[in-house]
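# Results of the structural survey
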Amino acid sequence: MSMTFEAGSSVTLLFHFWDVQGPAGMVLSVFVVLLLTVFYELLKVWRVWLGKRPSPFQSSDCRGSSTALASSLSVSSLAPMEQTAPTLSPTNRWLLRGIQTALHILQVTLGYMLMLCVMSYNTWIFLGVILGSVLGYFIGFPLLGQI
């Protein structure tokens, strides 16, 4: 196996059955790798979105009451305001943690698979991973602003 990048159209990616021979197979493989990389980037955004949801471990203290007190003109509003954080039932809490764990496992596995694709040292596969990362970030970055 060559340890330098080459632009050939024959390469074996990840498994023996993913043996690329010819330009048509290379175009299809680059497209699949590009889509996997876009999915990887969107998976990162989804994990951030799940992490930004109200945490089931937050206490229900008086967060936000100082801004309410500062903007209030009434003396009667000087009493601390009760603001309770939404709490999840124990079943939902474990379900959320399970989903976050499964997404983390999927993200790590997919990341290592993409790394192994790049380590095939094929220029076209490498460019597919780079373009997929750019496209996934281009799609996912505006979604982070909406979270």
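Residues numbered from 1 in each chain as written. Predicted model: local features only at pLDDT ≥ 70, side-chain atom pairs only at ≥ 80, totals over all residues. Heavy atoms only, no water.

Looking at an unreviewed UniProt entry, one finds the protein named Copper transport protein and attributed to Oncorhynchus mykiss. Comment text from UniProt for the protein, heading Sequence similarities (unreviewed entry), reads "Belongs to the copper transporter (Ctr) (TC 1.A.56) family. SLC31A subfamily." (UniProt positions renumbered as here; feature names shortened; annotations may be inferred.)

### Topic: the side chain of Ser-120
Examined against the element boundaries, Ser-120 turns out to sit in the loop between α3 (90-118) and α4 (123-145). A polar atom in the side chain of Ser-120 sits 2.7 Å from the backbone oxygen of Cys-117. (Helix = DSSP H or I, 4+ residues; strand = E, 2+ residues; numbered from the N terminus. Polar contact = N/O pair within 3.5 Å; in protein donor to acceptor, adjacent residues only side chain to side chain.)

### Structural notes on the environment of Leu-43
Looking at the secondary structure, you find Leu-43 in helix α1 (residues 23-52). The class of Leu-43 is buried, set by a relative accessible area of 2%. In this structure, the C-alpha to C-alpha distance between Leu-43 and Leu-103, residues 60 residues apart in sequence, is 7.5 Å. Contacts of Leu-43, omitting those with residues within four sequence positions, involve Leu-103, Leu-106 and Gln-107. (Buried < 20%, exposed > 50% of the residue type's maximum accessible area, 1.4 Å probe, protein only. Contact = heavy atoms within 4.5 Å.)

### A look at the side chain of Gln-107
Relative to the helices and strands, Gln-107 is located in helix α3. Among the polar contacts listed, one links the side chain of Gln-107 to the side chain of Arg-47, at a separation of 2.6 Å. The contacts of Gln-107, once residues within four sequence positions are left out, are Tyr-40, Leu-43, Lys-44 and Arg-47.

### Some words on the packing of aromatic side chains
How two aromatic rings sit relative to each other is set out by the distance from centre to centre and by the angle between their planes. Under the counting rule described, the total for this entry stands at four aromatic pairs. Both rings, one in Phe-15 and one in Phe-17, keep their centres 5.2 Å apart while their planes meet at 5 degrees; by these two values the pair is stacked. Taking the relative accessible area as the measure of exposure, Phe-17 reaches 70% and is therefore exposed. Every member of this aromatic cluster is reached through a ring pair, and the members are Phe-5, Tyr-121 and Phe-126. (Phe/Tyr/Trp six-rings, centres within 6.5 Å; stacked < 30°, edge-to-face > 60°.)

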